[in-house]
Amino acid sequence: MKVVLDTNCLLQNLGAKSKYAFLFDKFLQGEYTLCVSSDILLEYEEILKAKASPLAADLFMKVITRSRNVIRKDPYFRLEIIKQDNDDNKFTDCAFACNADTIVTNDSHFDDAAKSEFPEFHVLCLEDFARLLR
């Protein structure tokens with residue numbers, strides 16, 4: 001399964017005390033493929049450095065950039081599906097470019113993507129994604 005993770009959901013997967021930590025373990029075990037673009041990686045790194053130690057952020061970024069179950073693809077176009085927060089379009093653009101199976105987010109701005117007829121996006125909240133992988 002190819003997945004695009006919104007940054008907020010990614011953060012909730014990290015940390016041993018998180019109820020979603022098992023999702024990152026499943027990623028490490030190769031149970032799903034993470035789809036990213038350069039813009040997404042930059043956002044991940046920026047937020048991780050602000051929320052975690054620089055060492056933890058660097059380690060995570062090394063895992064992501066070296067993992068075999070990561071598809072890194074920069075979109076050649078901008079779909080501009082999400083109107084409320086243009087910055088979120090990096091996730092829909094990546095999902096489209098990678099032909100991802102789902103976007104995982106708790107952000108209501110992605111309702112625009114879920115309602116899109118073309119391209120179609122399958123959007124799951126983090127809890128539903130966790131249920132799917134349990």
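One structure accompanies this document, and this report is about it.

What counts and how
Residues numbered from 1 in each chain as written. Predicted model: local features only at pLDDT ≥ 70, side-chain atom pairs only at ≥ 80, totals over all residues. Heavy atoms only, no water. Core = buried A, V, L, I, M, F, W, Y, C linked by side-chain atoms within 4.5 Å. Buried < 20%, exposed > 50% of the residue type's maximum accessible area, 1.4 Å probe, protein only. Contact = heavy atoms within 4.5 Å. Pairing = 2+ DSSP bridges. Helix = DSSP H or I, 4+ residues; strand = E, 2+ residues; numbered from the N terminus.

**Describing the nonpolar core**
Stage number 1. Val-4, Leu-5, Leu-34, Tyr-44, Phe-60 and Phe-129 are the most contacted members of the largest nonpolar core, which has 39 residues in total.
Stage number 2. Setting aside anything within four residues of it in sequence, one finds Leu-5 in contact with Leu-10, Asn-13, Tyr-32, Leu-34, Tyr-44, Phe-91 and Val-104.

**Comments concerning the sheet that holds strand S4 (residues 102-104)**
Stage number 1. One open sheet accounts for five strands, arranged S3-S2-S1-S4-S5; its pairing is parallel. The open sheet has two free edges, formed respectively by strand S3 (70-72) and strand S5 (123-124), since each of these has just one partner strand.
Stage number 2. Sheet analysis places strand S1 (residues 2-5) next to S4, joined by three bridges and oriented parallel. Counterpart to Val-4 in the pairing with S4 is Ile-103.

**Notes on unusual backbone geometry**
Stage number 1. Cis peptide bonds are those with omega within 30 degrees of zero, and the linkage from Phe-118 to Pro-119 qualifies with -10 degrees.
Stage number 2. Considering the arrangement of structural elements, one finds Pro-119 in the loop between helix H6 (111-115) and S5.
Stage number 3. Its identity is not glycine, yet Glu-80 carries a phi of approximately 55 degrees, on the positive side.

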